[in-house]
Amino acid sequence: YESALFQVEQLLLSTDEEIEKMSANTNYQDEAAEYEYQMMRSMNSELRWTYIYLLVQTERSEKALLQLKRYIGDEKYAHHKELAVALREKLEKNK
């Protein structure tokens, strides 16, 4: 888990940075740029979900809770929102 956690964390940071750059520079009249942005956001969301899973598996609940807050707050891309809310409640209960 530790190796996977490190790799996913690095990818997540990279996609976070890329999304930030794209947000500042995206011309939403350009259909290709919009599609690339949407794909990056979706990939970032899935990476965050994987990261949360790895944090839970390695008993890093506080960090997982912070990531869950961010994940759940991203309404459009939180594809596992129901599971995330249930996980957040469980982790908060076990504090």
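Shown above is the structure to which this text applies.
Residues numbered from 1 in each chain as written. Predicted model: local features only at pLDDT ≥ 70, side-chain atom pairs only at ≥ 80, totals over all residues. Heavy atoms only, no water.

Undergrad: Hey, could you go over the side chain of N44 for me, with residue numbers and the actual values?
TA: Within the fold, N44 resides in helix α2 (residues 31–57). What makes N44 buried here is its relative accessible area of 7%. (Helix = DSSP H or I, 4+ residues; strand = E, 2+ residues; numbered from the N terminus. Buried < 20%, exposed > 50% of the residue type's maximum accessible area, 1.4 Å probe, protein only.)

Undergrad: If you had to explain the layout of surface pockets to someone new, which residues and values would you point to?
TA: Quantified by volume, the largest pocket comes out at close to 160 Å³. For the largest pocket, the full set of lining residues is D16, I19, E20, R41, N44, S45, R48, R70, Y71, D74 and Y77. Examining the composition of the lining of the largest pocket, we find that 4 residues originate from one element, α2, more than from any other. (1 Å grid on protein atoms, 1.4 Å probe; cavity = no way out; pocket = protein on both sides within 12 Å on 5 of 7 lines; lining within 4 Å. Points joined across faces, edges and corners; volume = space filled by probe spheres on them.)

Undergrad: I'd love a proper account of a negative patch on the surface, names of residues and values included.
TA: A contiguous patch of negative charge, built from E17, E18, E20 and E36, is present on the exposed surface. Counting residues per element, the negative patch draws most heavily on helix α1 (residues 2–25), at 3 residues. Tracing the chain through its elements places E17 in helix α1. Overall, E17 belongs to the exposed group, its relative accessible area being 51%. (Patch = residues over 30% accessible without salt bridge, like charges linked within 9 Å, V, L, I, M, F, W, Y side chains within 5 Å. Areas by Shrake-Rupley, 256 points an atom, 1.4 Å probe, with all protein chains shown as cover. Salt bridge = Lys/Arg side-chain N within 4 Å of Asp/Glu carboxyl O. Lys, Arg positive; Asp, Glu negative; His and termini not counted. Charge placed at Lys NZ, Arg CZ, Asp CG, Glu CD.)

Undergrad: I'd like a rundown of the pattern of salt bridges, residues and numbers included.
TA: With the rule as written, the count across this model stands at 6 salt bridges. E2 serves as the salt-bridge partner of R60, at 3.2 Å between the closest nitrogen and oxygen. Note that R60 is positioned in the loop between α2 and α3 (61–73) and E2 in helix α1, a separation of 58 residues in sequence. By relative accessible area, which is 31% here, R60 ends up partly exposed. Assessed through its relative accessible area of 46%, E2 is described here as partly exposed.

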